[in-house]
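Breakdown of the fold
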Amino acid sequence: MSITAEAHSIPLSDGNRIPLLGLGTYGDPQTTPKGTAYEAVKLAIEVGYRHIDGALVYFNEHEVGQAIREKMADGTVKREDIFYCGKLWNTFHPPELVRPTLERTLKALQLDYVDLYIIELPIAFKPGDSFYPKDENGKYIYHETDLCATWEALEACKDAGLTKSLGVSNFNRRQLELILKKPGLKHRPVSNQVECHPYFTQPKLLEYCRQNDIVIVGYSPLGTSRDASWVNLKSPPLLEDAVLVAIGNKYKKTSAQVALRFNIQRGVVVIPKSFSPQRIKLNFQIFDFSLTEEEMKAIEGLNKNIRFVELLM
């Protein structure tokens, strides 16, 4: 079953459509073997994924682009079938850096445009050669940023045809309102990518975004790896939750598939990251069952307001 069907995508306020299920391509350049993202994206497209979530700071956009282009060349997909999301990193917030950074992503992908381009975080680091600038004491070097000025530079990128849609990531309500209430706003943010899963359901932010025609894209929809360098290890493993396991047993599904289905039924787009062929296939098999209203309420009741991704920066 293909998620390119309208039943498996959400219309965005600018007329674009975003598939409900995507493949996250985050990879640590220090530990992820070369070619991993390339193989994962190729397989994902063959399985039926059409939404690919990437970023310049993942250091693998050249591999992702190669995979997309090869699946276009062999006739599996056309460019318009693919929905690629790119991200503006913290060191590129000054308006004069925005378009060159997006063009850098397009050059790596070897594509003419991205479908969605988002501000990755509402904070800025000092511009320069280092993506993670730190002082002699090992502390991040921040940079004063004007999110409205950055947004205007993004609007110019959309007007130039370099991206079809614009959005943000890790923004709270106050930060969203900075953009939405900006004088002379030309293009509204159509999405907000945030951590979202049964232990962190984001009900208030979800409702606010619904009221403002902003789609929530949930990262870490299955929890995360147990990497102490960036994950809150005090958080209990999501996929071992008894409620998710029991509901999965009923439908002959995994707890991961239940967690993904839960968010999709709430209108939240999910982008599970996986480089495992088996899991890439399993994560896609969520369109052949539905959770009951009682099951949805039971999963909503699991909310603990727990973040796995702490973003200590």
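Residues numbered from 1 in each chain as written. Predicted model: local features only at pLDDT ≥ 70, side-chain atom pairs only at ≥ 80, totals over all residues. Heavy atoms only, no water.

**Side note on the pattern of salt bridges**
For the structure shown, the criterion picks out 12 salt bridges. The closest approach of N and O atoms between Glu46 and Lys71, which form a salt bridge, is 3.0 Å. With a gap of 25 residues between them, Glu46 in helix α1 (residues 36–47) and Lys71 in helix α2 (residues 61–73) connect regions that are remote in the sequence. Taking relative accessible area as the criterion, Lys71 reaches 6% and is therefore assigned buried. (Salt bridge = Lys/Arg side-chain N within 4 Å of Asp/Glu carboxyl O. Helix = DSSP H or I, 4+ residues; strand = E, 2+ residues; numbered from the N terminus. Buried < 20%, exposed > 50% of the residue type's maximum accessible area, 1.4 Å probe, protein only.)

**Quick word on the pairing of strand β8 (residues 191–195)**
With five of its five residues buried, β8 lies for the most part within the structure. Direction of pairing for strand β7 (residues 163–169) relative to β8: parallel, over a ladder of two bridges. Looking at β8, one finds that Val168 is bridged to Asn192. Bridging between β8 and strand β9 (residues 215–219) involves five bridges; their strand directions are parallel. Its bridge partner being in β9, Gln193 is matched across the sheet by Val217. In the classification by handedness, the crossover that spans β8, the intervening helix α6 (residues 203–211) and the parallel β9 is right-handed. (Pairing = 2+ DSSP bridges. Right-handed = clockwise from strand over helix to strand, strands pointing away.)

**Some points on unusual backbone geometry**
Note: most peptide bonds trans; most residues except glycine with negative phi. One non-glycine residue, Gln202, lies in positive phi territory at about 55°. Within the fold, Gln202 resides in the loop between β8 and α6. Taking the relative accessible area as the measure of exposure, Gln202 reaches 12% and is therefore buried. The residue Ser220 is not glycine, and still its phi comes out positive at about 50°. Looking at the element boundaries, Ser220 is found in the loop between β9 and α7 (242–251). Residue Ser220 is classed as buried on the basis of its relative accessible area, which comes to 13%.

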